[in-house]
Amino acid sequence: MLKTVKFGGTSMADAAMMRKCEKILRSDPARRYVVVSAPGKRFAGDEKVTDLLYRLYAEKYSGKDNGETLEKISSRFQEIVCDLGISFDLAGELAVIRRKLKENVPLEWLISRGEYLCAKIFACYLGWPFADAEKMIVFQENGTLAEETYDNVYAMLKDLDHAVIPGFYGRGPDGEVKTFTRGGSDVTGSVIARGMRVDLYENWTDVSGVKSADPRVIKDAKTVRWISYRELRELSYMGASVMHEEAVFPLKKTGIPICIRNTMAPEEEGTMIVANYPVEREKHPVTGIAGKKGFSNLQIEKALMNTQIGFGAKVLDIFAKHGISYEHTPTSIDIMSVICETLFMESCRNELIMEIDAALHPDRIFIEDGMALVAVVGEGIDANVGVAARVLQSIAEAGINVRMIDAGCSELNIIIGVNDTDYEKTIHALYDGLYEFL
Ligand code: ASP
């Protein structure tokens, strides 16, 4: 059994947390390759090291760097080194950062230093080798990972019993440090897991797994034990995020499962994210309920719309021209709706209306704001009779008005549009109504 383990920012926040992580690592010899984030928040209102590094960069290039931010970053690491009681050349590492700051320091190099230093310190504490991600993870010109990445990982780690690897970055085609998007250490964990062909990727964070309903609304929602890659993608897209959205992609073809675990509660078994779901679907047709507020509906009405070939394509073309991605396009014979995040269309509402009007001469066109979308997700929805009925019944019984329904043919999810103001009530109604299916 071989495992890749990733510890997030809260797990690396200070020396006490690092000690907990050490305990987790030493309790299972299969946990051999460790990916770490930069130290995160220790308490509400605290600052993440990566945020401080972004600020440092902004201050440098706006001429506002008075040394304070670098001082904060240095003392954060100094405290960790001191509390761990290790001998580590932090002054030498910080001198490199200081020197680079005097030159034209590239953004991605600077913001990656949180992970770099954290991994080096943690490696020193554990007595394990440090393996720099920059030497393994290679981005292509278009931002995707080069296939050689996985061979590099294998070549670099195969002879090491253990290794600590910084998350969040690799190198670009020009050889310079290049980062993933925020939260990208999760992706590094997947890349290392795939390169080393491990049996399991454990992602240790500050929650006990994926919750079966929006935890901001249902405080004691059940933790999901098994979830498929596809379900996770749907749920995280709808706001139930426990991991970086792209972390599943490197593992999809390999079938390597990911287990979400809580560093503060290591006795809990967490959520297993798998390619194929092992639980009987008739018992648990629904995996989770998630949702987001802040959507708008642009509605177009035109008599005989159904006879005009290419009508929908022209509408969507106008959205694409403005760089707006849409969520749903429910249609009836003479009405087409395009639903997208209000934020995306904020700056071009009038242009959208005028351009659609000029191109397609609709009888009526308007935008309605204030919609929330709620998704009921489950691989078992299509094989079970009555889930959709129960969804609608639960909402109706709670006196909530449904503004839109979209159930894709794949039946992986049922999406309901309601007023923003009914969002919380809808989540409650669905959680109670679907409880036996969860
Ligand atoms: N430290 C980076 C961030 O805060 C990456 C990560 O933690 O995964 O986004």
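Since we're looking at a predicted model, the values are computed, not measured.

Across its full length, the chain carries 15 helices and 14 strands. Against the compact-globule benchmark of 22 Å for 438 residues, the chain has a radius of gyration of 24 Å, which places it among compact chains. Across its three principal directions, the C-alpha atoms of the chain cover 75 × 55 × 40 Å. Residue burial in the chain is summarised as follows: out of 438 residues, 53% are buried. Pairs at least 24 residues apart make up 75% of the contacts formed inside the chain by residues separated by at least 6 positions.

This brings us to the sheet that holds strand E14 (residues 413–419). Taken together, the 5 strands give an open sheet; going across it, the order is E11-E10-E12-E14-E13, and neighbouring strands pair in antiparallel fashion. Both edges of this open sheet fall to strand E11 (335–341) and strand E13 (404–407), since each of them pairs with a single strand only. Strand-to-strand twist across the sheet, computed as the mean angle between neighbouring axes with direction ignored, equals 30°. Here strand E10 (residues 288–301) runs beside E11; their pairing, made up of 7 bridges, is antiparallel. Note that in E11 the partner of Phe-295 across the bridge is Glu-341.

Turning next to the packing of aromatic side chains. Counted according to the given criterion, the structure contains 7 aromatic pairs. Both rings, one in Tyr-57 and one in Tyr-61, keep their centres 4.7 Å apart while their planes meet at 50°; by these two values the pair is tilted. Of the two residues, Tyr-57 and Tyr-61 both sit in helix H2 (residues 49–61), 4 residues apart, roughly one turn of that helix. With relative accessibility at 23%, the residue Tyr-57 sits in the partly exposed group. Classification of Tyr-61 as partly exposed rests on a relative accessible area of 40%. With 5.5 Å between their ring centres and 85° between their planes, Tyr-431 and Tyr-435 make a pair best called edge-to-face. In this structure Tyr-435 comes out as partly exposed when scored by relative accessible area, which is 41%.

This paragraph deals with empty space enclosed by the protein. Applying the stated rule across the entire model yields 2 cavities of 30 Å³ or more. Estimates place the volume of the largest cavity at around 40 Å³. Lining the largest cavity, in full, are Tyr-229, Leu-232, Arg-233, Ser-236, Met-243, His-244, Glu-245 and Val-248. Taken as a whole, the second largest cavity encloses approximately 30 Å³ of empty space. What lines the second largest cavity is Ala-13, Asp-14, Ala-15, Arg-42, Arg-76, Glu-79, Ile-80 and Asp-83. Examining the composition of the lining of the second largest cavity, we find that 4 residues originate from one element, helix H3 (residues 68–84), more than from any other. Of the residues belonging to the lining of the second largest cavity, the class tally is 3 nonpolar, no polar and 5 charged.

Definitions and limits used
- Residues numbered from 1 in each chain as written.
- Predicted model: local features only at pLDDT ≥ 70, side-chain atom pairs only at ≥ 80, totals over all residues.
- Heavy atoms only, no water.
- Helix = DSSP H or I, 4+ residues; strand = E, 2+ residues; numbered from the N terminus.
- Rg over C-alpha atoms; globule rule 2.2 N^0.38 Å.
- Buried < 20%, exposed > 50% of the residue type's maximum accessible area, 1.4 Å probe, protein only.
- Contact = heavy atoms within 4.5 Å.
- Pairing = 2+ DSSP bridges.
- Axes fitted to C-alpha atoms, helices over the stretch in contact; angles between N-to-C directions.
- Phe/Tyr/Trp six-rings, centres within 6.5 Å; stacked < 30°, edge-to-face > 60°.
- 1 Å grid on protein atoms, 1.4 Å probe; cavity = no way out; pocket = protein on both sides within 12 Å on 5 of 7 lines; lining within 4 Å.
- Points joined across faces, edges and corners; volume = space filled by probe spheres on them.
- Nonpolar A, V, L, I, M, F, W, Y, C, P; charged D, E, K, R; others polar.

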